[in-house]
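Examination of the molecular architecture
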Amino acid sequence: MASSSHGHKHSNGLYTFSSRPRPVESSSKCREPSSERTQYNYGNIMYDRRVVRGNTHAQHVLPTTAQPDPAETQKQMIKKRAAARKQAWKQWRLRTPEALQGRKHIDVQTELYLEELSDHIVSTHAECQTDAFLDKPSTPLFIPAKSGKDVGTQIEEGELFDFDREVQPVLEVLVGRTVEQALLEVMEEEELACLKAQQRAFEELRHNELAEVERLQEQERRHSEEKERRVAQQKEVLKKERETAEKIAARAYTQQYLADLIPAVFTSLRNHGYFYDPVEKDIEMNFFPWLMAEVNNTLEKRYIAREMLDAIICDVTEKRLEEFKELDTQSARDWQV
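Residues numbered from 1 in each chain as written. Predicted model: local features only at pLDDT ≥ 70, side-chain atom pairs only at ≥ 80, totals over all residues. Heavy atoms only, no water.

A look at the overall build of the protein
Looking only at helices and strands, the protein features three helices and two strands. Reading the secondary structure of the protein in the N-to-C direction produces β-β-α-α-α. In the protein, buried positions account for 0% of the 337 residues. Here the analysis covers contacts within the protein between residues at least 6 apart in sequence; of these, 18% occur between residues at least 24 apart. By element, 56% of the accessible surface of the protein is carried by carbon and sulfur atoms, the whole surface being about 35,300 Å². (Helix = DSSP H or I, 4+ residues; strand = E, 2+ residues; numbered from the N terminus. Buried < 20%, exposed > 50% of the residue type's maximum accessible area, 1.4 Å probe, protein only. Contact = heavy atoms within 4.5 Å. Areas by Shrake-Rupley, 256 points an atom, 1.4 Å probe, with all protein chains shown as cover.)

Right under this line is the structure:
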């Protein structure tokens, strides 16, 4: 059965092979001559991505459509976190500070009971001398291989470039540019001079305007001060007039009020005893109290004398009564006898 195969080479240098399906042919026991064998065109499998290279014993290749196992992914993440945590602990844990210059750290025993270390490891020193290294020769300069054919031609003097004829437009351009630049600089200087003159005129006008503004401001300030002074003066005059009118009204009201107040005050003072006769005041304040005191003393003495007399009379009466009782008792006894 006839079969067709095609081999293609891509632009990136890879070869691909494709063939139509065909039935398996029965192999003959004897090898046929090479002239009668079918010629097949195969691609180079060294550049095929489907071919796995290297050690394939421990390689686990997942299909392109398969999804990774979540449990396996979680285990890998746990391992990575544990390794990162261990590395961070190694970096951040407290370490012994570096030894000072001229000293070194040694291992010491930290157990409760010390023991003598007598085992010494036998060590020997051996040396070996190697041949001297030879300098690497300098890398030769890369010169690409010559390709193609050399072709030459001859050019006579004046065939390609005539200086006298070719330099004329260059000179015209240079001279024209120079003259144009000179004219531009002259125009620029004239324009700068005009600008400076305009600036000076503007500054003079500005200075004049500023002086006029200052004069007007000073005049306005003087007018304002004069106005304020006049207003303050007028206010002072009005204030004095108002105070004078208030004083006059207060004086008139006071005179009118005091016209009836003075007699009433004197009458009230006289009624309350502030205006009195000296003799009468002396009699009331000195004589009457002395008289009353003397009368009280006299009456008190009389009262005491009466009490004493009453006590004496009472005592005499009681004694006489007792005597009369005794006499009655004795007479009664005599009658009985």
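Some words on the packing of aromatic side chains
With the rule as written, the count across this model stands at three aromatic pairs. Between the aromatic rings of Phe287 and Phe288, the centroid separation amounts to 6.0 Å while the plane-to-plane angle is 45°, which identifies the pairing as tilted. Each ring, one from Phe287 and one from Trp290, has its centre 6.1 Å from the other, and the planes form 40°; the classification is tilted. Of this pair, Phe287 and Trp290 both sit in helix 3 (residues 278-336), three residues apart, roughly one helical turn. Put simply, the rings of Phe287, Phe288 and Trp290 touch in pairs and so form one group of aromatic residues. (Phe/Tyr/Trp six-rings, centres within 6.5 Å; stacked < 30°, edge-to-face > 60°.)

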